[in-house]
Amino acid sequence: MAEDGTSGAVHLLCLAASSGVPLFCRSSRGGAPSRHQLPFSVIGSLNGVHMFGQNLDVTLRSARTEDTAVVWKTFHDSVTLIVLSSEPGCSELRLERLLELVFGAMVLLVGLEELTRIRNVERLKKELRATYGLIDSLLGDAELAGDLTQCVDCIAPGDGPLLQEALAGFAEEVGSVFASLVVGGRVVVGTEGWWRLGSPEAVLLPWLVGTLPAQAARDYPVYLPHGSPTVPHRLLTLMLLPRLELCVLCGPQPPLSQLEPQVLERWWQPVLEPLRACLALAPRAIPAGFSLHPDILGLLFLHLEQKRAFFTVDLGGEEGAPEWGAQHSMEGGSRGAGEGAASKVSLLLHPRSFPQDPPAPPPLLLCAGHCHPLPSRSAGLEASQGVQSREPQVPSTCFPFLLRGGVIRGKGRRAGVPHGGSPGLLCGVWGSCQGAGGPGGPRGWAQAGGDPGGAPPPPAAGEPPEPNACPAGPGHSDPARSHPLPLGPQ
Amino acid sequence: MSQRKKWQITPASLPRSQMGSQGIRHYEQHKVFPPIYQVRYFSLQLLGVDCLGRAMAQLPAPGSVIVPDWHESAEGKEYLSSILRKNRRRVFGLLERPVLPPQVAADTAGYKIFVSGKSGVGKTALVAKLAGLEVPVIHHETVGIQTTIVYWPAKLQASDRVIIFRFEFWDCGEAALKKFDHILPACKEKTDAFLFLFSFTDRSSFDDLPAQLSRVAGDAPNTVKMVIGSKFDQYMHTDVPERDLTAFRQAWELPLLRVKSVPGRRLADGRTLDGRAGLADVAHILNGLGEHLWHQDQVAAGLIPGPQENAPEEEQG
Ligand SMILES: Nc1nc2c(ncn2[C@@H]2O[C@H](COP(=O)(O)OP(=O)(O)OP(=O)(O)O)[C@@H](O)[C@H]2O)c(=O)[nH]1
Ligand SMILES: [Mg+2]
């Protein structure tokens, strides 16, 4: 299915399950949205073979050609999503999750009812156009990892408590318990209510905000795939600074016109400098002033209980030790550096590592030329619980998550350079960040660092997350941890 | 969960059967234009404010409130640089505003402007054009409400003062407006102006104007109302001939602008929109808008006579 030998194309097809009418197709190649479309005959056959199975009571879930993985999934007997990926090492599990997230995005923007009771296909097609931006970003190379980790991408602001206070005060004044600050799709601070949002909306809402074109303010009807799939809520976004959005999720009140500049200025002008500092942080996720071992090319920290994550492959510095203090210029500069780093790093995550395996392995560190594989229960690794060698001794198929197109494992900054290993890569790092960051910030993760010998440190959170901590997928609720309707009726 | 339907923003009954009805009208009335119109409008190219002399005497004549080409003067250019950055239009967050050198400080006049019109007439495209952002090429219905802030420095004729206009455009998708009942009230609340858009290529959007005017702005007599004919670059294919426009203007006495919201010149990199060129494209619209809003304010403050006192007198003169 790959054309002209180009690797890394992803095609997503969405069809009405009963009629087979295509609702939309999106494609991405090399991480960027592409206009290339599959021929109609291919779409027809892909759907046909799935339907054929269905008539025989067989569910066709996935297939693999030499270079392409195909995954089918039908939601609520109404919408069928098909994804084809020729990205190297792309696993079925990853694609299945992608489809679930894409369906979540569709519910988020058009509501479950429209999707399950399709009355007017043309109308639905028009409405679904609103999802293209978000879906393209999910298919392509976002700077975010929430699709893989199922955790909310966060950044740790230098002045977390100050911003938290302003946010709480503002939220109270406008009468919503769901508010957050979002930079480039990552949450800076959120109210308690915001953190109670279920999955997948907790991941999708900031992601959506990060993909929308710049607007001073928005009053955006959204459905919460988990918490409220059929009753719309209002997502208000206020662009305090370019790329920095103040988000409020609410019911009929307050009207957008109530959030006047005076109200905003009263709460946010006093913290303007901390806000500006967040902008410079966006691609890097953690505050300046940390000196990291130069071999660390990227970081991923997951807090499985709180379902939040730091993810960055933009640690700055082209050569030698990353210059944490180096100020990135807000426009252009930092982005360029980030992309450079990103293209050199392959981030290897094991799909089974989280969140299904509750006593989950620790954050993964990335170093040039090698990685610390995560222990896993999956085949191939079962016997080797706690593989800790510097060179991953597991078949590459066990690392099916390859972030960012065209990445080749081991092509890091120091690829090929013999390495003595880096005991305590994070030594002293988290010690210095005590007190920084918002609630549930690095404090809880302090134990994660400083484990000598490069062995994966114990789970970051003190107590292992309870088995029920993993969220329900979109569309079905999890009784063990059912989320209250985020916004109860008045 | 069973009580959730109590929610206010439940979808109002959505008329679903309107699809495709506009396609029929499209080529129904194919008009031949007197050559004079074509010459006039295609040499004009740019978008101007039309005023029908006597009939609209209560409205400010174009250029009577704001110095028309001031933005091209040396002084104007200096002010314009406060809304540009590296030759691009600057995007301002809600906590930001244009910064002027202390010696040229100017007052800011903020206005809320509600952009109304049928789906697909070009509301979002117009606002994007005014803000110097990429104009959507494919029609995506606007989801909910989006607001865009455009700063525009202008020089007043009367006092020689420079004012920074802060236009806050409220744009909402027609479909969203019909579906959710909280949207229209929010857009109308305390608005200073209504822009009623019709498209030169969609006759039904023009025919709908009277209904729009009464439905949307019927209860707001003292706000600025302007009619905007969009997709003027498609005038060759128009369904709205000039004589219908003339009749409309005589009946409604509203200012009319013609716009074409097409991407402007790009910078050397071939991708980024040239901020200055974009501003030159829309200066007439921004000036026209500012003129009516400023005038309206003066009338409201009793500084100049309003339409009621003025109109009969003018009719005779
Ligand atoms: N040639 C040309 N095309 C235009 C112009 N204005 C808008 N369009 C196109 O018309 C289509 C619809 O424009 P939008 O601005 O998205 O329409 P809208 O009024 O915002 O529609 P809703 O959000 O659905 O209410 C887009 O494909 C635009 O590119 C114009 O002045 N000239
Ligand atoms: Mg629109």
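Residues numbered from 1 in each chain as written. Chains lettered and ligands numbered in written order. Predicted model: local features only at pLDDT ≥ 70, side-chain atom pairs only at ≥ 80, totals over all residues. Heavy atoms only, no water.

**Observations regarding the sheet that holds strand E3 (residues 32-34) of chain A**
Residue and element names in this part refer to chain A.
Part 1: What the six strands build is an open sheet, ordered E3-E2-E1-E6-E5-E4; its pairing is antiparallel. Of all strands in the sheet, those with a lone pairing partner are E3 and strand E4 (62-64), marking the two edges. Looking at each pair of strands side by side, their axes are set apart by 20 degrees on average, direction ignored.
Part 2: Sheet topology places E4 next to strand E5 (residues 69-75); three bridges connect them, and they run antiparallel. In the strand pairing of E5, Arg 64 is matched with Ala 69.
Part 3: Strands strand E1 (9-16), strand E2 (22-29) and E3 of the sheet are contacted by helix H5 (residues 132-139), whose axis makes an angle of about 40 degrees with E2. (Pairing = 2+ DSSP bridges. Helix = DSSP H or I, 4+ residues; strand = E, 2+ residues; numbered from the N terminus. Axes fitted to C-alpha atoms, helices over the stretch in contact; angles between N-to-C directions. Contact = heavy atoms within 4.5 Å.)

**So, the interface of chain B and chain A**
Part 1: Listed by partner, the interface residues are 41 residues for chain B and 50 residues for chain A.
Part 2: A buried area of about 4100 Å², summed over both sides, lies between chain B and chain A, and 60% of it is on carbon and sulfur atoms.
Part 3: Put simply, chain B and chain A have six salt bridges between them.
Part 4: A:Lys126 is the partner of B:Glu141 in a salt bridge, and the nearest nitrogen-oxygen pair spans 3.9 Å.
Part 5: Taken together, the connections running from chain B to chain A amount to 15 residue pairs in polar contact (both at pLDDT 80 or more).
Part 6: Of all the secondary structure elements, the ones that give two or more residues to the side of chain B that touches chain A are strand E5 (145-155), strand E6 (162-172) and helix H5 (174-179) of chain B.
Part 7: In terms of residue count, the dominant contributor to the side of chain B that touches chain A is E5(B) (five residues).
Part 8: Class assignment for the residues of the side of chain B that touches chain A results in 18 nonpolar, 10 polar and 13 charged.
Part 9: Judged from the three bridges that link them, strand E10 (residues 217-224) of chain A and E5(B) form a sheet pairing that is antiparallel. Looking at E5(B), one finds that A:Ala217 is bridged to B:Thr147. (Buried area = accessible area lost by both parts, 1.4 Å probe. Salt bridge = Lys/Arg side-chain N within 4 Å of Asp/Glu carboxyl O. Polar contact = N/O pair within 3.5 Å; in protein donor to acceptor, adjacent residues only side chain to side chain. Nonpolar A, V, L, I, M, F, W, Y, C, P; charged D, E, K, R; others polar.)

**Looking at the environment of B:Thr108**
All names here are of chain B.
Part 1: Looking at the secondary structure, you find Thr 108 in strand E4 (residues 107-117).
Part 2: Separated by 43 residues in sequence, Thr 108 and Tyr 151 have C-alpha atoms that sit 8.9 Å apart.
Part 3: Beyond its immediate chain neighbours, meaning those up to four positions away, Thr 108 contacts Ile 164 and Arg 166.

**Some remarks on the site of ligand 1**
Residues and elements named next belong to chain B.
Part 1: Around ligand 1 sit 22 residues, and of these Ser 119, Lys 123, Thr 124, Pro 136 and Ser 261 come closest.
Part 2: In this structure, an oxygen atom belonging to ligand 1 sits 2.9 Å away from a main-chain N or O atom of Gly 120.
Part 3: Note that an oxygen atom of ligand 1 is positioned 2.6 Å from one of the side-chain N or O atoms of Lys 123.
Part 4: Here the element with the most residues in the shell around ligand 1 is helix H4 (residues 123-131); it accounts for three residues.
Part 5: For the shell around ligand 1, the per-class residue count stands at six nonpolar, nine polar and seven charged. (Near = heavy atom within 4 Å.)

**As for the coordination of the magnesium ion (ligand 2)**
Residue and element names in this part refer to chain B.
Part 1: Distances from the magnesium ion (ligand 2) to its protein donors, Thr 124 (OG1) and Thr 142 (OG1), fall within 1.9 to 2.0 Å. Taken together, the positions of Thr 124 in helix H4 and Thr 142 in the loop between H4 and E5 put the pair 18 residues apart, joining distant regions of the chain.
Part 2: On the accessibility criterion, Thr 124 (22% relative accessible area) is partly exposed. (Donors = N, O, S within 2.8 Å, 3.2 Å for Na, K, Ca; no water. Buried < 20%, exposed > 50% of the residue type's maximum accessible area, 1.4 Å probe, protein only.)

**A look at the packing of aromatic side chains**
Part 1: If you walk through the whole model with that rule in mind, you get 18 aromatic pairs over all chains.
Part 2: When the centroid spacing of 4.9 Å and the interplanar angle of 70 degrees are considered together, the rings of B:Phe92 and B:Tyr151 count as edge-to-face. Of this pair, B:Phe92 sits in the loop between strand E3 (88-89) and E4 while B:Tyr151 sits in strand E5, and the two are 59 residues apart along the sequence.
Part 3: Judged by its relative accessible area of 4%, B:Tyr151 is buried.
Part 4: It is A:Arg308 that lies over the ring of A:Trp195; its NZ or CZ is 3.7 Å from the centre. (Phe/Tyr/Trp six-rings, centres within 6.5 Å; stacked < 30°, edge-to-face > 60°. Lys NZ or Arg CZ within 6 Å of the ring centre and 35° of its normal.)

**Things to note about the domain arrangement of chain A**
Residue and element names in this part refer to chain A.
Part 1: Looking at chain A, the domain boundaries give domain 1 (9-141) and domain 2 (152-282).
Part 2: One C-alpha centre belongs to domain 1, the other to domain 2, and the line joining them spans 30 Å.
Part 3: Contacts between the two partners involve 14 residues from domain 1 and, on the opposite side, 13 residues from domain 2.
Part 4: Carbon and sulfur atoms supply 77% of the area that domain 1 and domain 2 bury against each other, a total of about 1200 Å² over both sides.
Part 5: Put simply, domain 1 and domain 2 have zero salt bridges between them.
Part 6: Where domain 1 touches domain 2, the interface holds three residue pairs in polar contact (both at pLDDT 80 or more).
Part 7: Secondary structure elements with two or more residues in the side of domain 1 that touches domain 2: helix H2 (92-110), helix H3 (112-116) and H5.
Part 8: Of the residues that constitute the side of domain 1 that touches domain 2, the class distribution is nine nonpolar, four polar and one charged. (Domains from an automatic or database assignment.)

**Concerning the UniProt feature "domain: FUZ/MON1/HPS1 first Longin" (unreviewed entry) in chain A**
Part 1: The feature "domain: FUZ/MON1/HPS1 first Longin" (unreviewed entry), as annotated in UniProt, sits at residues 11-138 of chain A in this numbering.
Part 2: The span residues 11-138 of chain A is 43% helical and 27% strand by assignment, and the distance between its end C-alpha atoms comes to 12 Å. (UniProt positions renumbered as here; feature names shortened; annotations may be inferred.)

**Brief notes about the confidence of the model for chain A**
Residues and elements named next belong to chain A.
Part 1: Counting all residues, the mean pLDDT for chain A is 70, and 62% of those residues have values of 70 or more.
Part 2: Every residue in residues 1-6 scores below 50 in pLDDT, and together they form 12 contacts with partners more than four places removed in sequence or on other chains.
Part 3: For residues 317-490, every residue scores under 50 in pLDDT, and the model assigns this stretch 314 contacts once sequence neighbours within four places are set aside. (pLDDT = per-residue confidence, 0-100.)

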